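Chains, contacts and geometry: an overview
Here is how the chains run, residue by residue.
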Amino acid sequence: MKNLQKMGGIAALYLAAALLFAMVGYLLIIGTLDVVDPVEKVVQLRDNQAFLYLLNLIAYVIWGIVMVPLVLALYERLKASSPGLMQIATAIGLIWACIVIASGQVSNFGMNAVVDLYVKSPMQASTAWIAIDSVANGLGSAGGEILGGTWVILVSWAALRGKGLSRALNYLGMLVGLAGILSAVPALFGVLGIIFGLGKMV
């Protein structure tokens, strides 16, 4: 029990650090939002392939794996006061972890295929990347953090009922989780996606 709690704490620190690293990497170092032309996007992938692969590995694949001990540690900590609620939250948290891993894998292997294809046909490569990126984003954060938001709300609710975490943190968690769920609305994704991303680090 105590070892699982320690693992969960270490996992939480990694998850927050990985998100921060990813935000800096994608937005500031690579500038992924600065390029909208499909062909230029593939050129950006080609020029930054190794670093993007590492970013996806850290922020999606490893992130999803490390999420598992955090989900289980919170279940152990909060199940006494809300067993049914925490069973549902744990199932959603584990599904979320799997989806995040899948998103990173699709993005990484799709990127490799597209960069290889670019040598033969830039237009075909850009078309292929639009499809691959849509799938990866649908699985990952850009499609709306419905699973993540739901998990954060349920854990926060269970902790509030059982006084397992601070009251202020629980209320913040509910607001952050709601932002994650509402970020599934395309018009709200930009602002609420950022709120959810920064909020879940807390």
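Residues numbered from 1 in each chain as written. Predicted model: local features only at pLDDT ≥ 70, side-chain atom pairs only at ≥ 80, totals over all residues. Heavy atoms only, no water.

Details of the overall build of the protein
- Each helix and strand counted, the protein has 8 helices and 0 strands in total.
- Taken from N to C terminus, the helices and strands of the protein fall in the order α-α-α-α-α-α-α-α.
- Its C-alpha radius of gyration of 18 Å places the protein within 12% of the 17 Å reference for a compact globule of 202 residues.
- Projecting the C-alpha coordinates of the protein onto the three principal axes gives extents of approximately 60 × 35 × 25 Å.
- For the protein, the proportion of its 202 residues judged to be buried stands at 41%.
- In the protein, of all internal contacts separated by at least 6 residues, the share reaching a separation of at least 24 is 74%.
- Surface summary for the protein: the accessible area is close to 10300 Å², and the carbon and sulfur share equals 72%.
- Treating the 11 positive side-chain charges of the protein as one cloud and the 8 negative ones as another, the clouds have centres 23 Å apart. (Helix = DSSP H or I, 4+ residues; strand = E, 2+ residues; numbered from the N terminus. Rg over C-alpha atoms; globule rule 2.2 N^0.38 Å. Buried < 20%, exposed > 50% of the residue type's maximum accessible area, 1.4 Å probe, protein only. Contact = heavy atoms within 4.5 Å. Areas by Shrake-Rupley, 256 points an atom, 1.4 Å probe, with all protein chains shown as cover. Lys, Arg positive; Asp, Glu negative; His and termini not counted. Charge placed at Lys NZ, Arg CZ, Asp CG, Glu CD.)

Points about the layout of surface pockets
- Approximately 650 Å³ is the volume attributed to the second largest pocket.
- Along the walls of the second largest pocket sit 29 residues, with Leu70, Leu74, Trp151, Lys200 and Val202 positioned nearest its centre.
- Taken together, the elements giving at least two residues each to the lining of the second largest pocket come down to helix H1 (2-30), helix H3 (49-78), helix H6 (146-162), helix H7 (167-182) and helix H8 (189-201).
- Class assignment for the residues of the lining of the second largest pocket results in 20 nonpolar, 7 polar and 2 charged. (1 Å grid on protein atoms, 1.4 Å probe; cavity = no way out; pocket = protein on both sides within 12 Å on 5 of 7 lines; lining within 4 Å. Points joined across faces, edges and corners; volume = space filled by probe spheres on them. Nonpolar A, V, L, I, M, F, W, Y, C, P; charged D, E, K, R; others polar.)

Some words on the packing of aromatic side chains
- Across all of its chains, the model carries 4 aromatic pairs by this definition.
- Ring centres of phenylalanine 21 and phenylalanine 51 lie 6.3 Å apart, and the angle between their planes is 80°; this geometry places the pair in the edge-to-face category. In this pair, phenylalanine 21 sits in helix H1 while phenylalanine 51 sits in helix H3, placing the two residues 30 residues apart along the sequence.
- Assessed through its relative accessible area of 24%, phenylalanine 51 is described here as partly exposed.
- Between tryptophan 96 and phenylalanine 196, the aromatic rings sit 6.5 Å apart at their centres with planes inclined by 50°, giving tilted as the arrangement. In this pair, tryptophan 96 sits in helix H4 (residues 83-118) while phenylalanine 196 sits in helix H8, placing the two residues 100 residues apart along the sequence. (Phe/Tyr/Trp six-rings, centres within 6.5 Å; stacked < 30°, edge-to-face > 60°.)

Let's talk about the packing of H7 against H8
- Direction vectors running N to C along H7 and H8 enclose 140°, while the axes themselves pass 8 Å from each other. With respect to their mutual orientation, H7 and H8 come out oblique. The crossing of H7 and H8 is left-handed. Here Val176, Gly177, Ala179, Gly180 and Leu182 of H7 lie close against H8, whose contacting residues are Leu192, Ile195, Phe196, Gly199 and Lys200. (Axes fitted to C-alpha atoms, helices over the stretch in contact; angles between N-to-C directions. Parallel < 35°, antiparallel > 145°, perpendicular 65-115°, else oblique. Left-handed = near helix turned anticlockwise from the far one by under 90°.)

A word on the confidence of the model for the protein
- On average, residues of the protein score 91 in pLDDT, and 98% of them reach the 70 mark or higher.
- Model confidence for the protein, summarised as mean pLDDT per element, is weakest for H8 at 86 and strongest for H3 at 96. (pLDDT = per-residue confidence, 0-100.)

A short note on a nonpolar patch on the surface
- Taken together, the side chains of Leu20, Val24, Leu27, Leu28, Ile29 and Leu33 make up a nonpolar region of the molecular surface, amounting to roughly 620 Å² of accessible area.
- Note on placement: leucine 28 falls in helix H1. (Patch = residues over 30% accessible without salt bridge, like charges linked within 9 Å, V, L, I, M, F, W, Y side chains within 5 Å. Salt bridge = Lys/Arg side-chain N within 4 Å of Asp/Glu carboxyl O.)

A few points about the side chain of serine 103
- Along the polypeptide, serine 103 turns up in helix H4.
- Residues in contact with serine 103, not counting those within four places in the same chain, are Tyr60, Ala136, Leu139 and Gly140.

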